[in-house]
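Coordinate inspection notes
Below are the chains, spelled out letter by letter.
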Amino acid sequence: MSSTIAELERKRAAARLGGGEKRIAAQHAKGKLTARERLDVLLDEGSFEELDMYVEHNCVDFGMQDQIIPGDGVVTGSGTINGRLVFVFSQDFTVFGGSLSERHAQKICKIMDMALKVGAPVIGLNDSGGARIQEGVASLGGYAEVFQRNVLASGVVPQISLIMGPCAGGAVYSPAMTDFIFMVKDSSYMFVTGPDVVKTVTNEIVTQEELGGAVTHTTKSGVADVAFEDDIEVLLAARDFVDFLPASNREAAPERPSSDPWDRIEESLDTLVPASANQPYDMHELIRKTVDEGDFFEVQPTHAGNIIIGFGRIEGRTVGFVANQPMVLAGCLDINSSKKAARFVRFCDAFEIPIVTFVDVPGFLPGTAQELNGIIKHGAKLLFAYGEATVPKITVITRKAYGGAYDVMASKHLRGDLNYAWPTAEIAVMGAKGAVEIIFRGRSPAEIAEQTAAYEARFANPFVAASKGFIDEVIQPHSTRRRIALGLRKLRGKQLENPWKKHDNIPL
């Protein structure tokens, strides 16, 4: 018996060593943690239970039969984050560069299948050179098996990808289908084809960082959500982030005790909106003064800054926030902001997370660049997302709500449950000056000025919309948190179903 136990310990030690001390040292020299060290940071202490530690690849080509390392380049299993179950896989770059083999993929698929069965989030730590070339099409088949599970798990359990090293070629499509992607600056990158191939095909000279680094994907492409400074920071952020999310679409998000009074009055909000209609203000201030303890986890903070999305809590319960940002492009909706917010709204709806929308939108961004790149279709994504959402929806218009953008931003007509406006709100087809110049085309400047003043007196307030029932109440800014908290209480029992369908056909 003792020899059997000794053999077990020997095998465990071999698996834990991965690619060996030399490769572990190389990983540390790059400022990166190993696959197992990452799981130690991510999960509650002592909670990780590993599966498939002894799995080996089945490749016999190119001398691979003589290179067997237990675990085959990925550590899989389950653990807890703040006491809540999650399933995890962590690719080990010290073993064959973290490359994906048929067995490596089977390990990932196994924990994804278990997560779907029991209803728990999946967190993938990606650090891989891509498909294991020695295995050829078997490796590609492994990727496709993972992709299929990403599709089936979408909207059923939260899926989070932490890109902590290379993620190239076919490997990028699994994270792309997950709900959120976090990256590490200077040590992680994602691209379909690398700089060398790009140079060969298009003659473009580009670095890995420029092509697919964390800053590129969190600012320009919007592929990833947040970029962090190092491994530790991204792993701790993931712990905080998971705390906002439900375990599955069958469960409510976790409640966190809060000492912040639900009816807290914020007098400073009464002066948040400037007297001048053209002067911006920071919508982050409204969000942070509305949520519990000012705790707001913003998603995609550096991409499409004209709209803000993220999670906060009201009375300890998770709420998704969408808000126009007057500090960027005056809060206009454009292609990037529409796509960014639409996907967030759909995530919240899939997991029964209520949505609060703060509106200050002068319209859609004009210009040939927007039109020729499909603002009509892309803007419709946000409209569609709000229209199909059946979760509680509360909207607060703070200043401008003009034109079609008024409709799009969770208006009463898109089944908004509670639609409030501040006294400073203006709800109209367009701004007074533009409207008057169309209605009274050809009149003298004096007449235009007179009619503009009359138009503003008539429409530059929330009461016309309120008189039609499009606004439920004009509220004092300082009572915004109290109104939202009361509204969310009322809507906890909300039941609403869309007509039966196999699935919708959102304008992709």
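Residues numbered from 1 in each chain as written. Predicted model: local features only at pLDDT ≥ 70, side-chain atom pairs only at ≥ 80, totals over all residues. Heavy atoms only, no water.

The subject of this paragraph is the overall build of the protein chain. If you tally the helices and strands in the protein chain, you get 19 helices and 17 strands. Its C-alpha radius of gyration of 26 Å places the protein chain within 12% of the 23 Å reference for a compact globule of 508 residues. Overall size of the protein chain, expressed as C-alpha extent along the three principal axes, is 95 × 55 × 45 Å. A total of 508 residues make up the protein chain; the buried ones form 53% of that total. (Helix = DSSP H or I, 4+ residues; strand = E, 2+ residues; numbered from the N terminus. Rg over C-alpha atoms; globule rule 2.2 N^0.38 Å. Buried < 20%, exposed > 50% of the residue type's maximum accessible area, 1.4 Å probe, protein only.)

With respect to topology, 7 strands assemble into an open sheet ordered β1-β2-β3-β4-β5-β7-β9, the strand pairing being mixed. In this open sheet, the two edge strands, each paired with only one partner strand, are β1 (49-51) and β9 (226-228). The mean inter-strand angle of the sheet, taken between neighbouring strand axes irrespective of direction, is 20°. Against the sheet, helix α4 (residues 102-118) makes contact with β1, β2 (74-81), β3 (84-91), β4 (122-126) and β5 (159-163), and its axis sits at roughly 170° relative to β3, the strand it touches most. (Pairing = 2+ DSSP bridges. Axes fitted to C-alpha atoms, helices over the stretch in contact; angles between N-to-C directions. Contact = heavy atoms within 4.5 Å.)

What follows deals with the packing of aromatic side chains. Tallied over the entire structure, the rule returns 17 aromatic pairs. Arranged with centres 6.1 Å apart and planes meeting at 75°, the rings of F180 and F311 form a pair that is edge-to-face. Taken together, the residues span a long stretch of sequence, with F180 in strand β7 (residues 180-184) and F311 in strand β11 (residues 307-314) at a distance of 131 residues. The exposure class assigned to F311 is buried, which follows from its relative accessible area of 0%. Pairing F182 with F241 gives two aromatic rings, centres 5.3 Å apart and planes at 65°, and the pair type is edge-to-face. (Phe/Tyr/Trp six-rings, centres within 6.5 Å; stacked < 30°, edge-to-face > 60°.)

Our focus in this paragraph is the environment of V86. Summarising the element assignment, V86 is placed in strand β3. Each C-alpha atom, one on V86 and one on P70, is 23 Å from the other, the two residues being 16 residues apart in sequence. Contact partners of V86, with chain neighbours within four places excluded, come to L43, G77, S78, G79, I81, P121, I123 and V242.

Attention shifts here to a nonpolar patch on the surface. Judged by side-chain polarity, V429, M430, I438 and I439 come together as a nonpolar surface patch covering roughly 370 Å² of accessible area. Considering the arrangement of structural elements, one finds I439 in helix α16 (residues 432-439). (Patch = residues over 30% accessible without salt bridge, like charges linked within 9 Å, V, L, I, M, F, W, Y side chains within 5 Å. Areas by Shrake-Rupley, 256 points an atom, 1.4 Å probe, with all protein chains shown as cover. Salt bridge = Lys/Arg side-chain N within 4 Å of Asp/Glu carboxyl O.)

Compared with the 21 Å implied by 1.5 Å per residue over 15 residues, the 20 Å span of helix α17 (residues 445-459) between its first and last C-alpha is a close match. For α17, the full list of buried residues reads I448, T452 and Y455. The buried side chains of α17 occupy one side of the element, clustering within an arc of 65° when seen end-on. Seen from the open side of α17, the exposed residues pointing more than 90 degrees away from its buried face are A446, E450 and A457. Check the buried side of α17 and you find it contacts β16 (426-428) and α16. (Expected span 1.5 Å × (residues − 1). Arc of directions from axis to C-beta.)

Take the packing of helix α3 (residues 35-42) against helix α10 (residues 231-242) next. For any two helices packed against each other, one specifies the crossing angle of their axes together with the interaxial distance. Orientation of α3 relative to α10, taken along the N-to-C sense of each, is 40°, at an axis distance of 9 Å. It follows from the interaxial angle that α3 and α10 lie oblique. Seen along the crossing, α3 lies across α10 with a hand that is right-handed. Residue-level inspection shows R38, V41 and L42 of α3 in contact with α10, the latter providing D231, I232, L235, L236, A238 and R239. Partitioned by chemical class, the residues of the contact of α3 with α10 number 6 nonpolar, no polar and 3 charged. (Parallel < 35°, antiparallel > 145°, perpendicular 65-115°, else oblique. Left-handed = near helix turned anticlockwise from the far one by under 90°. Nonpolar A, V, L, I, M, F, W, Y, C, P; charged D, E, K, R; others polar.)

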